[in-house]
Amino acid sequence: MDGAPHRTQDARDLALFDFDGTITTRETFPDFIRRAIPPRRRALGTAVFAPFVVGYKLKLVPVHALRTTLVRYAFKNVPLAEVEAAGASLAADLLPTLVRPAMQARIDWHRARGDTVVVVSGGFDVYLAPWCRAQGLDWICSSLEARDGVLTGRYAGAQCVAEEKARRVRERYDLAGYRAVHAYGDTHEDHALLALAHHATYRGAAWTAPA
């Protein structure tokens, strides 16, 4: 789910922030999984997914494939309301402790200028949406599919990573309506997002798209 309507007329610039590892000091997906999965399923999953995690660390399993498999196992037939409650709890008591002070200062700087500030993340709206609302930010992120209030174990649409990040930004915002676009990221999955920007920052340093 994406949050808040796009704005162009009253904004000077557009600022696009990846979340995990850019705004935060670490990946938050594992924290969400641990908090949202039913305890028995979590205990069994530790053993079941050990080979997948090892394969990911050895670069044999793509991260998007690992996420898809984990989401299927973790959330199939779990009530959406339970996962939303876990996400709200994560946003309230854990995420604020993981935010990099320098990135919070950068977000505050953009907001003070009247810029449109957007979190663009592969993370889930169940925890990013409440965090972004508290910050007064827009968000574009991944969602979990639900039917009749029960999760299916699938993503609702594509994972918001790599080219999908850039596609959703272009779909939702008129980039030409902003004076300048800023983007902040920390992995190769952010390169397409960074390529949209006039001012791109990668791991704290200026970034230029490969020729």
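All of these numbers come straight from a predicted model, not from anything done at the bench.

**Brief notes about the sheet that holds strand 1 (residues 2-3)**
And step 1. Pairing within the open sheet is mixed, and its 7 strands lie in the order 1-4-3-2-7-8-9. Edge positions in the sheet fall to strand 1 and strand 9 (205-206), since each has one partner strand and no second.
And step 2. Bridge count between strand 7 (residues 180-185) and strand 8 (residues 199-202): 4 bridges; the pairing is parallel. Following the sheet pairing, Gly185 is matched in strand 8 by Tyr202.

**Points about the side chain of Thr22**
And step 1. Among the structural elements, Thr22 can be located in the loop between strand 2 (13-17) and helix 1 (29-36).
And step 2. With a relative accessible area of 6%, Thr22 lands in the buried category.
And step 3. Dropping the residues within four chain positions of it, Thr22 is found in contact with Arg100, Met103, Tyr184, Gly185, Asp186 and Asp190.

**So, the state of the cysteines**
And step 1. On inspection of all chains with the given rule, the structure shows 0 disulfides.
And step 2. Its sulfur unpaired, Cys132 is 7.2 Å from the next cysteine sulfur, which belongs to Cys141.
And step 3. Relative accessible area serves as the criterion here: at 0%, Cys132 is assigned to the buried category.
And step 4. Cys141 takes part in no disulfide bond, and the closest cysteine sulfur to it belongs to Cys160, at a distance of 6.9 Å.
And step 5. Judged by relative accessible area, which is 0%, Cys141 ranks as buried.

**Re the pairing of strand 6 (residues 150-155)**
And step 1. In the sheet, strand 5 (residues 144-147) pairs with strand 6 via 3 bridges, with the strands oriented antiparallel. Note on strand 6: the bridge partner recorded for Arg147 is Val150.
And step 2. Here strand 5 folds back onto strand 6, and the loop between the two strands holds 2 residues, one of which, Asp148, carries a positive phi near 55 degrees.

**Quick word on the nonpolar core**
And step 1. Residues Phe32, Phe75, Val83, Phe124 and Trp131 are the most contacted members of the largest nonpolar core, which totals 41 residues.
And step 2. Residue contributions to this core peak at 6 residues, all from helix 8 (residues 125-135).
And step 3. Not counting the four nearest positions on each side in its chain, Phe75 is found in contact with Phe32, Ile33, Ala36, Arg41, Val83, Leu144, Leu151 and Gly153.
And step 4. If you look at the next biggest cluster of nonpolar residues, it comprises 20 residues, including Val120, Ile140, Tyr202 and Trp207.

Cut-offs used in this document
Residues numbered from 1 in each chain as written. Predicted model: local features only at pLDDT ≥ 70, side-chain atom pairs only at ≥ 80, totals over all residues. Heavy atoms only, no water. Pairing = 2+ DSSP bridges. Helix = DSSP H or I, 4+ residues; strand = E, 2+ residues; numbered from the N terminus. Buried < 20%, exposed > 50% of the residue type's maximum accessible area, 1.4 Å probe, protein only. Contact = heavy atoms within 4.5 Å. Disulfide = S-S within 2.5 Å. Core = buried A, V, L, I, M, F, W, Y, C linked by side-chain atoms within 4.5 Å.

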